[in-house]
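One-letter residues, chain by chain:
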Amino acid sequence: MKKAKIIAVANQKGGVAKTTTVINLGAGLALSGRKVLLVDMDNQSHLSRFLGYDSTDGKPTISDLIWQTVAKLKQPVESAIRSSDLDVDYIPSNFMLAGIISILGTDSDSTGVLTRLFADEAFQAYDYIIIDCPPTLDLLVSNALNACDKVLIPVQSDYWAYEGVDQLLATLQLVKQSKDIKPYVLGMLITMFNKRTNSAKAIKEAMDESYGSFVFNTAISFRDEVKVATIEHKSLVEKKSSVTGQQYMAVVNEIISKEEQENG
Ligand SMILES: Nc1ncnc2c1ncn2[C@@H]1O[C@H](COP(=O)(O)OP(=O)(O)OP(=O)(O)O)[C@@H](O)[C@H]1O
Ligand SMILES: [Mg+2]
């Protein structure tokens, strides 16, 4: 039976373009014919609101699905899945997610709850499930890292974002209980890159040196069009003339060719 490929987009540093990356890779994979589900694991709900989430729709959110899984309640998960104009489905988060961390803490397998949730048959309808992680390294993120097949780490061209990568990889090693985490790393994506600045060049060199082939060949430029698209609730990949849209599509193609290589 087909199994959805689960990608966690994570970096505990805030504002490095995690949500922007989830939106554009999701929309880009959908444009390439893949069936995509986006999961908002951040109580800021930026992804949900971008996709048009109506918090009064009365349907369950990711918080409900998580506590139902902890409580071993067999509720259908389909009612938590919404469709969006971007041709991707999504499960929204709301502010309740902050309180879910303590509920996760009561589970005997506190980092395995999301893995159990995604085992539900309803998720097999998707080619890709992409999780938008919060800017933390808490139990929510440990659950996402545990549940994912691969992690994608956006790294803003900034020293602290770069420095945080090792800490994230150490957490990945812990939750996967494996010294070799290479199979679990999809790649590091340099975001908000300004090729004219020496600092951006220095971070790119350091990334290439530290993580070599795990760094995506394509970097995402720092451009105002990204902020404009956020305001307009549009993806960049749907805008033919968008430079960053083309860059995100190039990353989508890198992901698809990695997938094809793995499938032989
Ligand atoms: N390439 C880019 N060029 C310019 N601005 C960008 C770029 N990528 C993202 N941004 C802007 O930077 C801000 C932060 O991006 P985003 O919300 O995607 O980051 P995040 O990592 O999800 O943040 P958080 O940690 O709060 O969840 C947003 O206003 C977004 O529009
Ligand atoms: Mg975000």
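Whatever comes next refers back to the structure up there.
All figures in this text were calculated on a predicted structure; none of them were measured in a lab.

Calculation notes
Residues numbered from 1 in each chain as written. Chains lettered and ligands numbered in written order. Predicted model: local features only at pLDDT ≥ 70, side-chain atom pairs only at ≥ 80, totals over all residues. Heavy atoms only, no water. Helix = DSSP H or I, 4+ residues; strand = E, 2+ residues; numbered from the N terminus. Rg over C-alpha atoms; globule rule 2.2 N^0.38 Å. Buried < 20%, exposed > 50% of the residue type's maximum accessible area, 1.4 Å probe, protein only. Areas by Shrake-Rupley, 256 points an atom, 1.4 Å probe, with all protein chains shown as cover. Lys, Arg positive; Asp, Glu negative; His and termini not counted. Charge placed at Lys NZ, Arg CZ, Asp CG, Glu CD. Pairing = 2+ DSSP bridges. Phe/Tyr/Trp six-rings, centres within 6.5 Å; stacked < 30°, edge-to-face > 60°. Expected span 1.5 Å × (residues − 1). Contact = heavy atoms within 4.5 Å. Polar contact = N/O pair within 3.5 Å; in protein donor to acceptor, adjacent residues only side chain to side chain. Salt bridge = Lys/Arg side-chain N within 4 Å of Asp/Glu carboxyl O.

1. What about the overall build of the protein chain?
Helix and strand counts for the protein chain come out as 10 helices and seven strands. In terms of overall dimensions, the protein chain is globule-like: its C-alpha atoms have a radius of gyration of 17 Å, near the 18 Å expected for 264 residues. Taken along its principal axes, the extent of the C-alpha atoms in the protein chain is 55 × 40 × 40 Å. Out of the 264 residues belonging to the protein chain, those deemed buried represent 52%. With the model as given, the accessible surface of the protein chain reaches about 12,300 Å², and the carbon-plus-sulfur share is 51%. Here the protein chain contributes 27 positively and 32 negatively charged side chains, and the mean placements of these two sets differ by 3 Å.

2. Points about the pairing of strand β5 (residues 128-132)
In the case of a regular strand, side chains alternate between the two sheet surfaces. Across the five residues that make up β5, a large majority, five, are buried. Alternating positions in β5 separate into two faces, Tyr128, Ile130 and Asp132 on one and Ile129 and Ile131 on the other, with burial throughout. By the bridge criterion, five bridges tie strand β1 (residues 5-9) to β5 in an arrangement that is parallel. Within β5, the position partnered with lysine 5 by the bridge is tyrosine 128. Sheet analysis places strand β2 (residues 36-40) next to β5, joined by five bridges and oriented parallel. Within β5, the residue paired with valine 39 across the bridge is isoleucine 131.

3. Examining the sheet that holds β5
Judged by pairing direction, the sheet is mixed, and its seven strands sit side by side in the order β3-β4-β2-β5-β1-β6-β7 without closing on themselves. With one partner strand each, in any of the chains shown, β3 (82-83) and β7 (185-191) form the two edges of the open sheet. Two strands pair when backbone bridges link them, and strand β6 (residues 150-156) and β7 are joined in this way by six bridges, in the parallel orientation. Looking at β7, one finds that isoleucine 153 is bridged to methionine 188.

4. Quick word on unusual backbone geometry
Located in the positive-phi region is serine 45, a residue other than glycine, with phi close to 55 degrees. Summarising the element assignment, serine 45 is placed in the loop between β2 and α2 (46-50). A positive phi angle is found at methionine 192, which is not glycine, with a value near 50 degrees. Following the sequence through the fold, methionine 192 ends up in the loop between β7 and α8 (198-211). For methionine 192, a relative accessible area of 27% puts it in the partly exposed group.

5. Structural notes on the packing of aromatic side chains
Scanning the entire structure with this criterion turns up four aromatic pairs. Centroid distance phenylalanine 118 to phenylalanine 123: 5.0 Å. Interplanar angle 90 degrees. Geometry classified as edge-to-face. Judged by relative accessible area, which is 1%, phenylalanine 123 ranks as buried. Taken together, Tyr159, Trp160, Tyr162 and Tyr211 form an aromatic cluster joined through their ring pairs.

6. Re helix α7 (residues 159-176)
Its 18 residues place the ends of α7 27 Å apart at the C-alpha level, agreeing with the 26 Å of an ideal helix rising 1.5 Å per residue. In the core, the buried residues of α7 are packed alongside α6 (139-147), β6, β7 and α8. Residue aspartate 158 occupies the N-cap position of α7, its side-chain oxygen lying 2.9 Å from the main-chain nitrogen of tryptophan 160. Taken from the residues just after α7, glutamine 177 is the one with a positive phi, measuring 50 degrees.

7. A few points about the side chain of asparagine 11
Tracing the backbone through its elements, the reader meets asparagine 11 in the loop between β1 and α1 (18-31). Residue class for asparagine 11 comes out buried when judged on its relative accessible area of 1%.

8. Details of the side chain of glutamine 156
The topology assignment puts glutamine 156 in strand β6. Given the relative accessible area of 18%, glutamine 156 is considered buried. When near neighbours in sequence (up to four residues on either side) are disregarded, glutamine 156 contacts Lys13, Gly14, Gly15, Val16, Ala161, Thr191 and Met192.

9. Here's the deal with the pattern of salt bridges
One pass over the full model with this rule turns up 10 salt bridges. The partner of arginine 116 in a salt bridge is aspartate 107, and the shortest N-O contact between them spans 2.8 Å. Using a relative accessible area of 33% as the deciding quantity, one classes arginine 116 as partly exposed. With relative accessibility at 9%, the residue aspartate 107 sits in the buried group. With its nearest N and O atoms 2.5 Å apart, the salt bridge here joins lysine 150 to glutamate 262. You can see lysine 150 sitting in strand β6 and its partner glutamate 262 sitting in helix α10 (residues 243-263), a full 112 residues away along the chain. Residues joined by salt bridges that share partners form a network here, namely Lys5, Lys150 and Glu262.

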